[in-house]
Amino acid sequence: MSGPLFHLHRRAFLGALGASVLTSPALFAEQLLRTPPLTEGPFYPDKIPLDTDNDLIVIGKNTTRAVGEITHLTGKVLDINGAPAKNVVVEIWQCDANEVYLHSSDSIPKVKQQDKNFQGFGRCTTTEKGEYRFRTIKPVPYPGRPAPHIHFKVKKGNRELLTSQFMIRGHAGNARDGVFGGVRDVIDRELILVDFKPVKESKIGELQAYFEIVLGLTPDEKDMNLRR
Ligand SMILES: O=C(O)c1ccc(O)c(O)c1
């Protein structure tokens, strides 16, 4: 999701609340909307691959690239006050262009179908500004999951801060997807949708997607706030 769009939706949200609750605008106005958590699904890798870098298109020193529409996925991890979450790890995983996840219960039965050049899983540590970046493929529908999606987790050390998924804004499969349909709140839906746009200078049809992940308070931090 792009920065400006994000703020537009936030304003729409405040508008929907009505003027009466805005008597103390500072309470809301400074906070970003938190990325909603979503199911991990059945296919977080059961065996972490040797190559876990942020380029899912090329495994190790292979010379053949993965099949699919190359996407430069970038973004930031922020807290609800807009401060960067630096030095946290973003993990992504998704099925390959032939609908196979890097998980033995999917990849063993579909061994002939699997794209052996797709890394399927990657990690990126955020910078001082909370930035992350991946090179991956535009996600495709999976049997039983008509909304193409990329799963992600945000971790700090061993602590899992968020598990969710993002989906393609405007994709026809979203309306038929059980996980997307399970997100009842219209604002929450907006917060998991991402635009996939052509990279203008690219001669090979690469795409770019920008997604800001906003972390809510962790259980420990909520506890601290209650005690304050
Ligand atoms: O329930 C499932 O089958 C299923 C499959 C793939 C996914 O990515 C997922 O989140 C759920």
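The structure under discussion appears in the preceding block.
This is a predicted model, so every value here is computed, not measured.

Thresholds, definitions, all that
- Residues numbered from 1 in each chain as written.
- Predicted model: local features only at pLDDT ≥ 70, side-chain atom pairs only at ≥ 80, totals over all residues.
- Heavy atoms only, no water.
- Core = buried A, V, L, I, M, F, W, Y, C linked by side-chain atoms within 4.5 Å.
- Buried < 20%, exposed > 50% of the residue type's maximum accessible area, 1.4 Å probe, protein only.
- Helix = DSSP H or I, 4+ residues; strand = E, 2+ residues; numbered from the N terminus.
- Phe/Tyr/Trp six-rings, centres within 6.5 Å; stacked < 30°, edge-to-face > 60°.
- Lys NZ or Arg CZ within 6 Å of the ring centre and 35° of its normal.
- Near = heavy atom within 4 Å.
- Polar contact = N/O pair within 3.5 Å; in protein donor to acceptor, adjacent residues only side chain to side chain.
- Nonpolar A, V, L, I, M, F, W, Y, C, P; charged D, E, K, R; others polar.
- Pairing = 2+ DSSP bridges.

Q: For the nonpolar core, give the residues involved together with the corresponding values.
A: Judged by nonpolar contacts, the single largest core of 28 residues is most densely connected at Val77, Tyr132 and Ile213. For this core, the elements supplying multiple residues, two or more each, are strand S1 (70–79), strand S2 (89–93), strand S4 (131–137), strand S5 (149–156), strand S6 (159–168) and strand S9 (207–215). In terms of residues, this core owes the most to one element, S9, which gives four residues. One finds Leu38, Met167, Phe180 and Ile192 within the second-largest nonpolar core, a separate group that totals eight residues.

Q: Outline the packing of aromatic side chains, supporting the account with residue identities and numerical values.
A: A complete count under the given rule lists nine aromatic pairs for this structure. Between Tyr44 and Phe121, the ring centres sit 5.8 Å apart and the planes meet at 90°, which makes this aromatic pair edge-to-face. Here Phe121 lies in strand S3 (residues 121–125) and Tyr44 lies in the loop between helix H2 (26–29) and S1, a separation of 77 residues in the sequence. Owing to a relative accessible area of 16%, Tyr44 belongs among the buried residues under this scheme. On the accessibility criterion, Phe121 (0% relative accessible area) is buried. On the basis of an interplanar angle of 40° and a centroid distance of 5.5 Å, the ring pair of Phe152 and Phe166 is categorised as tilted. Of the two residues, Phe152 is situated in strand S5 and Phe166 in strand S6; the sequence distance between them amounts to 14 residues. Among the aromatic side chains, those forming a connected cluster through ring pairs are Phe43, Tyr101 and Tyr142. The side chain of Lys153 reaches across the aromatic face of Tyr44, ending 5.4 Å from its centre.

Q: Describe unusual backbone geometry, naming the residues involved and giving the relevant values.
A: Even without glycine at this site, Asn87 takes up a positive phi of about 60°. Position of Asn87 relative to the elements: it lies in the loop between S1 and S2. The phi dihedral of Glu99 is positive, around 70°, even though this residue is not glycine. Its place among the elements puts Glu99 in the loop between S2 and helix H3 (104–107). Classification of Glu99 by relative accessible area gives partly exposed; the value is 30%.

Q: Explain the site of the ligand to me, using residue names and the numbers behind them.
A: Taken together, Gly41, Pro42, Phe43, Tyr101, Tyr142, Arg145, His149, His151 and Gln165 make up the full set of residues adjacent to the ligand. Within the side chain of Arg145, an N or O atom sits 2.8 Å from an oxygen atom of the ligand. At 2.7 Å from an oxygen atom of the ligand is found a side-chain nitrogen or oxygen belonging to His151. Considered class by class, the residues forming the shell around the ligand number four nonpolar, four polar and one charged.

Q: Pulling in residues and values, what's your account of the pairing of S5?
A: A large share of S5 lies buried, amounting to seven of its eight residues. Where S5 folds back onto S6 in an antiparallel hairpin, the turn is made up of two residues, including Gly157, whose phi is positive at roughly 60°.

Q: Describe the sheet that holds S4, and please don't skip the residues or the numbers.
A: Strands sit in the order S4-S1-S9-S8 across an open sheet of four strands; the sheet is mixed. Where the open sheet ends on each side, the last strands, each with one partner, are S4 and strand S8 (197–198). Taken together, the seven bridges between S1 and S4 define a ladder with antiparallel strand orientation. Looking at S4, one finds that Ile70 is bridged to Ile137.

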